[in-house]
Amino acid sequence: MTKDRSAEETRTSVSSSRSRLVFAGLMMFLVVVFISLGTWQVQRLFWKLDLLERVETRVHAQAVPAPSRSEWAGVGAANDEYRHVTVKGFFEHDKSVLVQAVTERGAGFWVLTPMRLDDATTILINRGFVPADRSARDARLGSELAAGPVSATGLLRISEPAGGFLRSNDPANDRWFSRDVAAIAASKGLTDVAPYFVDADATPNPGGLPIGGLTVIAFRNSHLVYALTWYSLAIMSAVAVWFILRRRAG
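The rules we used
- Residues numbered from 1 in each chain as written.
- Predicted model: local features only at pLDDT ≥ 70, side-chain atom pairs only at ≥ 80, totals over all residues.
- Heavy atoms only, no water.
- Helix = DSSP H or I, 4+ residues; strand = E, 2+ residues; numbered from the N terminus.
- Polar contact = N/O pair within 3.5 Å; in protein donor to acceptor, adjacent residues only side chain to side chain.
- Pairing = 2+ DSSP bridges.
- Buried < 20%, exposed > 50% of the residue type's maximum accessible area, 1.4 Å probe, protein only.
- Patch = residues over 30% accessible without salt bridge, like charges linked within 9 Å, V, L, I, M, F, W, Y side chains within 5 Å.
- Areas by Shrake-Rupley, 256 points an atom, 1.4 Å probe, with all protein chains shown as cover.
- Salt bridge = Lys/Arg side-chain N within 4 Å of Asp/Glu carboxyl O.
- 1 Å grid on protein atoms, 1.4 Å probe; cavity = no way out; pocket = protein on both sides within 12 Å on 5 of 7 lines; lining within 4 Å.
- Points joined across faces, edges and corners; volume = space filled by probe spheres on them.
- Nonpolar A, V, L, I, M, F, W, Y, C, P; charged D, E, K, R; others polar.

1. What about the side chain of Arg127?
Part 1 of the argument: Relative to the helices and strands, Arg127 is located in strand β5 (residues 122–131).
Part 2 of the argument: A polar atom in the side chain of Arg127 sits 3.4 Å from the side chain of Thr113.

2. Quick notes on the pairing of strand β2 (residues 84–91)
Part 1 of the argument: Strand direction decides the pairing type here: strand β1 (residues 64–65) and β2, joined by 2 bridges, are parallel. Bridge assignment links Val64 to a residue of β2, and that residue is Val85.
Part 2 of the argument: In terms of strand pairing, β2 meets strand β6 (residues 150–158) through 6 bridges, oriented antiparallel. When the bridges of β6 are listed, Thr86 appears paired with Thr153.
Part 3 of the argument: Bridge analysis of β2 against strand β4 (residues 106–116) gives 2 bridges, and the strand direction is antiparallel. Looking at the pairing, Phe90 lines up with Arg116 of β4.

3. Some points on the pairing of β4
Part 1 of the argument: In terms of residue burial, β4 counts as a mostly covered element, since 8 of its 11 residues are buried.
Part 2 of the argument: Direction of pairing for β4 relative to β5: antiparallel, over a ladder of 9 bridges. Within β5, the position partnered with Met115 by the bridge is Ile123.

4. A look at unusual backbone geometry
Part 1 of the argument: Of note, the amide linkage connecting Leu209 to Pro210 takes the cis form, showing an omega dihedral of -5 degrees.
Part 2 of the argument: If you trace the backbone, Pro210 turns up in the loop between β7 (193–200) and α5 (223–249).

5. What about a nonpolar patch on the surface?
Part 1 of the argument: Taken together, the side chains of Ile235, Val239, Trp242 and Phe243 make up a nonpolar region of the molecular surface, amounting to roughly 430 Å² of accessible area.
Part 2 of the argument: Turning to its location among the elements, Ile235 is positioned in helix α5.
Part 3 of the argument: Judged by relative accessible area, which is 55%, Ile235 ranks as exposed.

6. Some thoughts on empty space enclosed by the protein
Part 1 of the argument: In the structure shown here, the tally under the stated rule is 1 cavity of 30 Å³ or more.
Part 2 of the argument: Volume-wise, the largest cavity comes out at about 50 Å³.
Part 3 of the argument: Taken together, Trp110, Asn126, Gly128, Asp199, Ala200, Ile211, Gly212, Gly213, Leu214 and Thr215 make up the full set of residues lining the largest cavity.
Part 4 of the argument: Taken together, the residues of the lining of the largest cavity sort by class into 4 nonpolar, 5 polar and 1 charged.

7. Describing the pattern of salt bridges
Part 1 of the argument: With the rule as written, the count across this model stands at 9 salt bridges.
Part 2 of the argument: Put simply, Asp199 and Arg157 hold a salt bridge, and the shortest N to O gap is 2.8 Å. Linking Asp199 in strand β7 with Arg157 in strand β6, this pair joins segments that are 42 residues apart in sequence. Accessibility classification places Asp199 together with Arg157 in one group, the buried group.

In structure tokens form, the structure reads like this:
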């Protein structure tokens, strides 16, 4: 009976030791995974900081002519979003669209108006914001009355084809929730349209509307928090391994 009990205790001890080793191995694997994830977030943090610096430089740089047709293929968010640009041409107010917007001034619409340039190409200009209760009549007030060509200065923005949050654009009913350049151009029968639009700056429009200069430049940057979280989990896992091995050694 004593021998059987001793053998059973030995088997139990061996099984428990193996279980602890397996658990320790799992914890060591998690340490490696958590450290890798934390390091990746640190890399993302430096990438985001570099992006913010580049965007800040573009926004405050001297305005340059907007990319022409020959440059359209190379326009992208990484190198062109928020570039300070200027354009000159004729507004086609009868082909404007209103895109739902929520701004620091409340809810309303962005007024996107095609601008026809001298080379027969078109660039959509987000002339600014109008409150919902003044969109029907005042959205185009002032600029439509200007004779001859007009100029617009602002920030280059990349098309927004995904629609709004939980809402899709409805071109058939002229209801827009995002500034989808291609869809707007197709809906209004526009040709040779740049693959971007321009957010007009705060230069006042005659009559006071639309209100430009409301571009929100914000990038979520939680990478440091994520990195600290992953590294904390790595430390906790490493401590768990230490306790397991210490107990085994004891």
